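# Per-entry structural report
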Amino acid sequence: MPVKEAKALLKSGATHEKCLAASELMKAQPEKALKIVSNSLKSDDKIFRNSVLSNATKTLGPTALLPLLNARFKKLSSDAKVDVLNWFGNNKISTVTNHIIIPSFEEGGDVAKAAIAAAGKIGGNNYLVKSLLGQLGGENGLDALTALKSFKGNINEDVAAALDEKLAAGDKPAVRKLLDLASSRRMSNVAPTVFSMIN
């Protein structure tokens, strides 16, 4: 596709045409790819945003997109934040956990759910584990449980400590989720606590 035609389609085409045009332009002019990504994040078209993010990642690599996504994140619409959080998780970008992923838990709604899912995919960070455990008793408890079940890294000590804490506080919904988590990850270290609950 000629560059001139791609530029025209990018401005006025249907979704599939815009996706194709953006992909072609980024391949033909990689130096303009970040500008295309930046503009796509302002779009209301979810399919287009995700297509551009995916194709830009293939063209430039995830590291090249990080400065832009870091800088733009706070100003994005909630829908665009969800897309970027999914991108962080799918690309296992650990450098954004403390300043983007964890604060996004507090936004609620789909943004919080996407941040929690991304945290589960990224894994490896003790602060992240504690933040996810803190979500178990709230509205996103099931999402946090799912993320923790697949979390990469050893979370046994944190789960045992959280179980003791939630038992002492009488937080039954969180205790049930923690027991489910301990069972699914075969955590033998929580056995003494479980046996004490039976007696």
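As the structure is a computational prediction, the values presented were derived from the model and not from experiment. Throughout this description, residue numbers start from 1 for each chain and increase along the sequence as written. Only residues with pLDDT of at least 70 get local features here, since the model is predicted, and only at 80 or more are side-chain atom pairs given and counted; chain-wide, interface and lining totals rely on the full set of residues. The basis for every side-chain value is the complete set of heavy atoms in the structure, and neither hydrogens nor water enter the calculation.

### Structural notes on the overall build of the protein chain
Working definition: helices are DSSP H or I runs of at least four residues, strands are E runs of at least two. Numbering for both runs from the N terminus. The secondary structure content of the protein chain amounts to 13 helices and zero strands. Along the protein chain, from the amino end to the carboxyl end, the secondary structure elements read α-α-α-α-α-α-α-α-α-α-α-α-α. It is over C-alpha atoms that the radius of gyration is taken, and the globule rule equals 2.2 Å times the number of residues to the power 0.38. Scaling as 2.2 N^0.38, a compact globule of 199 residues should have a C-alpha radius of gyration of about 16 Å, whereas the protein chain reaches 21 Å, well beyond that. If one aligns the C-alpha atoms of the protein chain with their principal axes, the spans along those axes are about 75 × 25 × 25 Å. Partitioning the contacts of the protein chain with sequence separation of at least 6, the portion at a separation of at least 24 is 61%. The Shrake-Rupley method, run with a 1.4 Å probe sphere, supplies the accessible areas, and residue values consider only the shown protein chains as cover. About 10300 Å² of surface is accessible on the protein chain, with carbon and sulfur atoms providing 54% of the total. Neither His nor the chain ends contribute to the count of charged residues, in which Lys and Arg are positive and Asp and Glu negative. In this description, the location of a charge corresponds to atom NZ of lysine, CZ of arginine, CG of aspartate or CD of glutamate. If you average the places of the 27 positive and of the 19 negative side-chain charges in the protein chain, the two averages end up 5 Å apart. By definition, residues are in contact when any of their heavy atoms lie within 4.5 Å.

### Some words on the pattern of salt bridges
Here, a salt bridge means any Lys or Arg side-chain nitrogen found within 4 Å of an Asp or Glu carboxyl oxygen. In the structure shown here, the tally under the stated rule is seven salt bridges. Linking Arg-49 and Asp-83 is a salt bridge whose minimum nitrogen-to-oxygen distance equals 2.6 Å. Here the residue Arg-49 occupies a position in helix H4 (residues 46–60), and Asp-83 occupies one in helix H6 (residues 78–90), the gap between them amounting to 34 residues. This pair shows no difference in class: Arg-49 is buried, exactly as Asp-83 is. Among the ionic pairs, Lys-113 bridges to Asp-143, the shortest N-O distance being 2.9 Å. Linking Lys-113 in helix H8 (residues 109–122) with Asp-143 in helix H10 (residues 141–149), this pair joins segments that are 30 residues apart in sequence. Accessible area is worked out with a 1.4 Å probe on protein chains only. A residue is then buried under 20% of its type maximum, exposed over 50%, and partly exposed in between. Its relative accessible area of 33% is what places Lys-113 among the partly exposed residues. Residues participating in the shared-partner salt-bridge network are Lys-46, Arg-49 and Asp-83.

### Points about H8
With 14 residues, H8 extends 20 Å from end C-alpha to end C-alpha; this agrees with the ideal 20 Å at 1.5 Å per step. When we look at burial in H8, the residues that qualify are Val-111, Ala-112, Ala-114, Ala-115, Ile-116, Ala-118, Ala-119, Gly-120 and Ile-122. Packing partners of the buried residues in H8 comprise H6, helix H7 (97–104), helix H9 (126–135) and H10. Residue Gly-123 follows H8 closely and has a positive phi angle near 65°. To estimate the expected span of a helix, count its residues, drop one, and scale the result by 1.5 Å.

### Some details on unusual backbone geometry
In the Ramachandran plot, Lys-92 falls in the positive-phi region, its phi being about 50° despite a non-glycine side chain. Here Lys-92 shows up in the loop between H6 and H7.

### Here we look at the confidence of the model for the protein chain
Along the chain, pLDDT gives the predictor's confidence residue by residue, from 0 to 100. Confidence along the protein chain averages 88 in pLDDT terms, with 91% of residues attaining 70 or more. Mean pLDDT in the protein chain bottoms out at helix H13 (residues 191–198), which sits at 56, and peaks at H6, which reaches 97.

### Focus: H6
Taking 1.5 Å of rise per residue, the 13 residues of H6 would be expected to cover 18 Å, and the 18 Å separating its terminal C-alpha atoms lies within 8% of that figure. For H6, every residue scored as buried is listed here: Ala-80, Lys-81, Val-82, Asp-83, Val-84, Leu-85, Trp-87, Phe-88 and Gly-89. For H6, the secondary structure elements touched by its buried residues are H4, helix H5 (62–72), H7 and H8. At the exit of H6 stands Lys-92, carrying a positive phi of roughly 50°.

### Overview of the nonpolar core
What makes a nonpolar core is a set of buried Ala, Val, Leu, Ile, Met, Phe, Trp, Tyr and Cys residues whose side-chain atoms join them at distances within 4.5 Å. Counting 54 residues, the largest nonpolar core has Leu-85, Phe-88, Ile-101 and Leu-133 as its most contacted members. The element contributing the most residues to this core is H8, with seven residues. The contact partners of Leu-85, leaving out residues within four places of it in the chain, are Phe-73, Ile-100, Ile-101, Ser-104, Val-111, Ala-114, Ala-115 and Ala-118.

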